[in-house]
Amino acid sequence: MSKPVVLIAEELSPATVDALGPDFEIRRVDGTDRPALLSSLADADAILIRSATQVDAEAIAAAPKLKVVARAGVGLDNVDVKSATTAGVMVVNAPTSNIISAAELTIGHILSLARHIPAGHVSLSAGQWKRSSYTGTELYEKTVGIIGLGRIGALITARLQAFGMEVIAYDPYITAARAQQLGVQTVSLDELLERSDFVTIHMPRTPETLGMIGTEQLQKMKQTAYVVNVARGGLIDEQALHDALVAGEIAGAALDVFVQEPPKESPLIGLPNLIVTPHLGASTDDAQEKAGISVAKSVRLALAGELVPDAVNVAGGVIDPYVRPGIPLVEKLGQLFSGLAHGEHGGLTSLDVEVRGELVDYDVSVLKLAALKGVFTNVVSESVSYVNAPLLAEQRGVQVRLITEADSPEYRNVITLSGALADGTQVSVSGTLTGPKQAEKLVGIDGYDLEVPIAKHHIVMSYTDRPGIVAVYGQEFGEAGINIAGMQIARREAGGTALSVLTVDSPVPAEVLERVREAIDAKVFVEIDITE
């Protein structure tokens, strides 16, 4: 019998090949040579890549035997995950391979800011001796504010506590118990900015977090404070940061990531109180070797038909065809749930995934994983998979239950995600699949009945039921050029609280959302963008 063919399309460490072992035929190709790549994929069972090789729909179509795409790193921008999933191809990456490297780079930037190490080096290399120009500050007994207390945030916490620093954190999705376990005080974002001597941000880049540190936030910081971003470009508004640094509103900043990479003609580059590095977060030999070994092990598991811990698009185990269409539905319900839960209510403490109807005759455990994947997709900096989603819940102290009930009076099947937040607030969303095309429908929010096709952009708002409200927000959105593609209003009684769910064709600018919220005096007003 011929051995399965594993195609290595980029330079990987010898340890990666060693981790694959002798059970495969190893072939090599230059992944940037498109004709050679497509030709080599014809009989490949697996392909190992880094960031230069584009595994898009065309590449997947050229690989009829392909079972797994393995990215030796974290990002998957060069892999068409949707096309791979449609073709039944597993996609794996190495989500934890660079977390120590990223955490240590953050510490390096903080130390460099505190002690002016890069500027001192440049000065002395130029033959100057300016000791008094580079007087720094100790980290001891200073306060560091960590925005995003995931795995990288936790690693940074431990390291900076060893310096004798006080660590405070802002993370709407961390529980008090988890924060206490880490020895961290959780505070509001405003309080974190006002108190911190150093601020470091470790959030995913989403519509909600893009530009989350802007002019208003930078003005809340001390003039002696520093801000660091090694997470994602754009989390800090670059123009606002430039203005704050030039005006001396903060002491300095350090960036490893940028909106445009490389940052061509950026006014930030060259500022004397800014330290920059060229996206070095994962650029250590250790991280690269860990990534290679990790995905090599995943390839072995995948080609053996076993559970793959770092699969990003396939859950472990056999999934019944009747259950499979519910997976993307539940992921989207999870994103809707986290959008509604986001706010000042504190972290999620418990989540129930309730499955009603004919589905209970099958193994639906994958739907609990799908729910967690959806809940955490846009709220943590890590790549979220079906396997690491339960770990993310465990790290945050979230209790998760799967509940099945055969009785489903209104729909053949209905799935409800309901959860409790730290302040006791309850949030729930329900969905189902309807018709021969299995259309995804949102059928309930917090006990309000509705039936809305799930789309890419939704606005959910609740307000006191009274005449003229639809005209108010209809006019506001119309004047802003926002097209309302669909709308449904639910209420329990006239004059009570009404819940309105809008489907819009494009994201809505923050200032428009705020105008509408104020105009209708909304109790709840949330824009939710669904990530495919």
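Conventions adopted
Residues numbered from 1 in each chain as written. Predicted model: local features only at pLDDT ≥ 70, side-chain atom pairs only at ≥ 80, totals over all residues. Heavy atoms only, no water. Helix = DSSP H or I, 4+ residues; strand = E, 2+ residues; numbered from the N terminus. Rg over C-alpha atoms; globule rule 2.2 N^0.38 Å. Buried < 20%, exposed > 50% of the residue type's maximum accessible area, 1.4 Å probe, protein only. Contact = heavy atoms within 4.5 Å. Lys, Arg positive; Asp, Glu negative; His and termini not counted. Charge placed at Lys NZ, Arg CZ, Asp CG, Glu CD. Core = buried A, V, L, I, M, F, W, Y, C linked by side-chain atoms within 4.5 Å. Patch = residues over 30% accessible without salt bridge, like charges linked within 9 Å, V, L, I, M, F, W, Y side chains within 5 Å. Areas by Shrake-Rupley, 256 points an atom, 1.4 Å probe, with all protein chains shown as cover. Salt bridge = Lys/Arg side-chain N within 4 Å of Asp/Glu carboxyl O. Phe/Tyr/Trp six-rings, centres within 6.5 Å; stacked < 30°, edge-to-face > 60°. Lys NZ or Arg CZ within 6 Å of the ring centre and 35° of its normal.

Further remarks concern the overall build of the protein. Helix and strand counts for the protein come out as 17 helices and 22 strands. On C-alpha atoms alone, the protein measures out to a radius of gyration of 25 Å, which is about the 24 Å that the 2.2 N^0.38 rule sets for 532 residues. Counting only C-alpha atoms and orienting by the principal axes, one finds that the protein spans roughly 80 × 70 × 45 Å. In the protein, which comprises 532 residues, the proportion classed as buried is 51%. Long-range contacts, defined as pairs at least 24 residues apart, comprise 64% of the intrachain contacts of the protein with a sequence gap of at least 6. Across the protein, the 42 positively charged side chains and the 66 negatively charged ones have centroids separated by 3 Å.

By size, the foremost hydrophobic cluster in this structure holds 48 residues, and its most contacted members are Leu-367, Ile-415, Leu-417 and Leu-442. For this core, the element with the most residues is helix H13 (residues 326–341), which contributes eight residues. Ignoring anything within four residues of it in the chain, the contact list for Ile-415 reads Leu-329, Val-330, Leu-333, Val-353, Glu-354, Val-355, Leu-359, Leu-367, Val-429, Ser-430 and Gly-431. Counting 30 residues, the second-largest nonpolar core is a separate cluster that includes Ala-231, Phe-258, Leu-268 and Leu-274.

To continue, consider a nonpolar patch on the surface. A cluster of nonpolar side chains, namely Val-470, Met-487 and Ile-489, defines an oily patch on the protein surface of about 230 Å² accessible area. With respect to the helices, strands and loops of the structure, Ile-489 is situated in strand S20 (residues 484–491). For Ile-489, a relative accessible area of 39% puts it in the partly exposed group.

Another aspect to go through is the packing of aromatic side chains. Across all of its chains, the model carries three aromatic pairs by this definition. Aromatic side chains Tyr-322 and Tyr-362 sit 5.0 Å apart centroid to centroid with 35° between the ring planes, which places their arrangement in the tilted category. Here Tyr-322 is found in the loop between helix H12 (285–303) and H13, whereas its partner Tyr-362 is found in the loop between strand S13 (348–357) and helix H14 (365–377), with 40 residues between them in sequence. Geometry around Tyr-448 places Arg-492 over its ring, the cationic atom sitting 3.9 Å from the centre.

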